Amino acid sequence: MALAGAVAVTAAVPASAAPRATSHHSTHSATRDALDAITRGGTPGVLARADRAGEVWHGTSGVADLRTGRPRLPRDRFRIGSLTKPFIATVVLQLAAEPVYGLSIDDTVDKWLPGLVRGNGNDGRRITLRRLLQHTSGLYDYIDDDGFRAKFTGPAFFSHRYDGATPEELVRTGLAHEPLFDPGDGWSYSNTNYILAGMVIEKATGNSYATEVERRIIRPLGLRGTTVPGTSSSVPGPHGRHYSKLYVDDPAARVHDVTDFNPSVSGASGEIISTTRDLNTFIRALLRGKLLPPVQQQEMFTGYDLGGGRTYGLGIRSQTLKACGVKVWGHSSEVPGSLTRTAATTDGEHVFTLNRNSDWGDPALEQAAVEAEFCGRPDTVDRRPGAATAAPHP
């Protein structure tokens, strides 16, 4: 199948990456137990899918809808938040591989968006596209801005859920703060980076980043359950409900249905809607070199060392699992009412995605599910029900 705007190649993850790794089990009993632990911890429902050696496994626990009791279904769509980032990074790297666009990931942001990144010590003349994609730009994360957070935490969410925002507004929010460090002198996850990356895609191609994602990834891979919704506040069916405690730091906080909201406040950093099937298909294609030529594949999977067996490449991260030493690549995400994790072995042979329809809960339980799937057992974690509070990421 020809990939629109991409070079057809067969190269996979660079040779310097971890060797081929396989799971140490033949059943999913440990994974089932881990999913049940997530719902015992307070998440209404969890959905998972594993693809391995031509076999597909679906797992669920809990419910998709607290009102009706409807179970979660394999075809359910959900907001994938920061799992949007590998899509955006892939498009930028594809553009870098096509001479017609004259784009290099070592171009400065200022070359493509002249004068935009200025003020409070921020300077787009010193930040490259590579640094945006790898979160080494030093730019402040706009979702950490007090004014932004005030709109999407607590009861204020219901007054602002349909507001939306333009990329320029989101960038201005980030640039109202001083950088966290000089470009290239550190690593800090910042959604501002990917808002800018989406703007670069539009400047280089003359099309929206949504159009390019659809043309280059969604349609060629047949991702029928994946959409880039723009300002549309609804989730296409079939889908469960998305639930939130609105980031109130209280285990007894009331649970709210936050399924509908304007995702333009996430934009290129986190607006996509997808399914477990589509995410597994995308990550497998990416790892197997079906979307990028060898040079760009090498760039994407060259990781910044985060310590603890973790690295961050260009829009994708790796982790060496403590329970068995298997190295997996993927991403995690958080958006109101939805937490998602996708992980895959280096060769793309074994891919696993789980989604929980909540934005609270002990993150160790999610990690335990990944360890269980790839290792047959979780690493030792505290399985006591908890309600760890995370930052909002609309």
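It should be noted that the structure appears before, not after, this text.
Described below are features of the structure shown in this document. Along every chain, residues carry numbers that run from 1 in the direction the sequence is written. Selection of residues for local features in this predicted model requires a pLDDT of at least 70, selection of side-chain atom pairs for listing and counting requires 80 or more, and totals for whole chains, interfaces and linings are taken over all residues. Processing note: side-chain calculations cover all non-hydrogen atoms of the structure and skip hydrogens and water entirely.

### Describing the pattern of salt bridges
Consideration 1: A pair is scored as a salt bridge if a Lys or Arg side-chain nitrogen falls within 4 Å of a carboxyl oxygen belonging to Asp or Glu. Counted by the stated rule, this structure contains 17 salt bridges.
Consideration 2: For Arg-126, the salt bridge goes to Asp-182, with nearest N and O atoms at 4.0 Å. Taken together, the residues span a long stretch of sequence, with Arg-126 in the loop between strand 5 (122–123) and helix 4 (129–134) and Asp-182 in the loop between helix 7 (167–175) and helix 8 (191–205) at a distance of 56 residues.
Consideration 3: Each residue's exposure class comes from its accessible area (1.4 Å probe, protein chains only) as a fraction of the maximum for that residue type: buried when under 20%, exposed when over 50%, partly exposed otherwise. Given a relative accessible area of 40%, Asp-182 falls into the partly exposed group.
Consideration 4: With a shortest N-O distance of 3.1 Å, Glu-212 and Arg-215 are connected by a salt bridge. Here Glu-212 and its partner Arg-215 are both found in helix 9 (residues 209–221), three residues apart, which amounts to about one turn of the helix.
Consideration 5: Judged by its relative accessible area of 25%, Arg-215 falls in the partly exposed class.
Consideration 6: A cluster of three or more residues bridged by salt bridges with shared partners is formed by Glu-98, Glu-212, Arg-215 and Arg-216. Each helix corresponds to a stretch of at least 4 residues labelled H or I by DSSP, and each strand to a stretch of at least 2 residues labelled E; elements are numbered beginning at the N terminus.

### Here we look at the pairing of strand 9 (residues 304–307)
Consideration 1: Two strands pair under a simple rule: DSSP has to find at least two bridges between them. Here strand 9 runs beside strand 10 (residues 310–312); their pairing, made up of three bridges, is antiparallel. Directly across from Asp-305, in strand 10, lies its bridge partner Thr-311.
Consideration 2: Hairpin remark: strand 9 followed by strand 10, antiparallel, with two residues in the connecting loop; positive phi at Gly-308, about 65 degrees.

### Brief notes about empty space enclosed by the protein
Consideration 1: Grid spacing is 1 Å over the protein atoms alone, the probe is 1.4 Å, and a cavity is where that probe fits but cannot get out, while a pocket is an open set with protein on both sides within 12 Å along at least five of seven lines and lining residues have an atom within 4 Å of a point. Grid points are joined across faces, edges and corners, and a volume is the space filled by probe spheres set on the points. Applying the stated criterion to the full structure yields two cavities of 30 Å³ or more.
Consideration 2: Roughly 40 Å³ of internal volume is contained in the second largest cavity.
Consideration 3: Lining the second largest cavity, in full, are Arg-72, Arg-77, Phe-78, Gly-240, Arg-241, His-242, Gly-337, Ser-338, Asn-355, Arg-356 and Asn-357.
Consideration 4: Here the residues of the lining of the second largest cavity are counted per class, giving one nonpolar, six polar and four charged. Here the term charged refers only to Asp, Glu, Lys and Arg, the term nonpolar to Ala, Val, Leu, Ile, Met, Phe, Trp, Tyr, Cys and Pro, and the term polar to all other amino acids, Gly among them.

### Notes on the packing of aromatic side chains
Consideration 1: Centres within 6.5 Å are what make two rings of Phe, Tyr or Trp a pair, Trp counting through its six-membered ring; a difference in plane orientation under 30 degrees is then read as stacked, over 60 as edge-to-face, and the rest as tilted. For the structure shown, the criterion picks out 11 aromatic pairs.
Consideration 2: With 5.3 Å between their ring centres and 90 degrees between their planes, Tyr-142 and Phe-148 make a pair best called edge-to-face. In this pair, the class of Tyr-142 matches that of Phe-148, namely buried.
Consideration 3: Ring geometry for Phe-152 and Phe-157: centres 6.5 Å apart, planes at 65 degrees, overall edge-to-face. Here Phe-152 and Phe-157 have matching classes, each one buried.
Consideration 4: Of the aromatic side chains, those joined through ring pairs into one cluster are Tyr-142, Phe-148, Phe-152, Phe-157, Phe-158 and Phe-261.
Consideration 5: A ring has a charge above it when a Lys NZ or an Arg CZ is no more than 6 Å from the ring centre and no more than 35 degrees off the ring normal. Positioned above the aromatic ring of Phe-261 is the side chain of Arg-79, whose terminal nitrogen or guanidinium carbon lies 4.4 Å from the ring centre.
Consideration 6: The positively charged end of Lys-85 is found above the aromatic ring belonging to Tyr-194, 5.6 Å away from the centroid.

### Overview of the layout of surface pockets
Consideration 1: Considered as a void within the structure, the second largest pocket measures approximately 190 Å³ in volume.
Consideration 2: In terms of lining, the second largest pocket is formed by 13 residues, of which the most central are Arg-75, Gly-225, Thr-275, Arg-277 and Asp-278.
Consideration 3: Considering every element that reaches the lining of the second largest pocket, the biggest residue donor is helix 10 (residues 276–287), with three residues.
Consideration 4: Taken together, the residues that form the lining of the second largest pocket break down as two nonpolar, five polar and six charged.

### Quick look at the state of the cysteines
Consideration 1: Working definition: a disulfide is two cysteine sulfur atoms within 2.5 Å of each other. Tallied over the full model, the rule gives one disulfide.
Consideration 2: Each sulfur in the disulfide pair Cys-324 and Cys-375 lies 2.0 Å from the other. Taking the torsion about the S-S bond as the criterion, the Cys-324 to Cys-375 disulfide, at about -55 degrees, is left-handed. Residue Cys-324 is located in the loop between strand 11 (317–320) and strand 12 (327–335), and its partner Cys-375 is located in helix 12 (residues 363–375); the two are separated by 51 residues in the primary sequence.

### Topic: the sheet that holds strand 12
Consideration 1: Taken together, eight strands build an open sheet; the order of strands is 2-1-14-13-12-11-10-9 and the sheet is antiparallel. Whereas interior strands pair on both sides, the edge strands pair on one side only; in this sheet they are strand 2 (55–62) and strand 9. Strand after strand, the sheet turns through a mean of 20 degrees between neighbouring axes, direction not considered.
Consideration 2: As paired elements, strand 1 (residues 45–52) and strand 2 share eight bridges and run antiparallel to each other. Note on strand 2: the bridge partner recorded for Val-46 is Ser-61.
Consideration 3: Contacts are assigned to residue pairs that have any heavy atoms within 4.5 Å of one another. Axis lines are fitted to C-alpha atoms, over the contacting stretch for helices. Their N-to-C directions set the angle, which ranges from 0 to 180 degrees. Against the sheet, helix 1 (residues 29–40) contacts strand 1, strand 2 and strand 14 (350–356), and its axis sits at roughly 25 degrees relative to strand 2.

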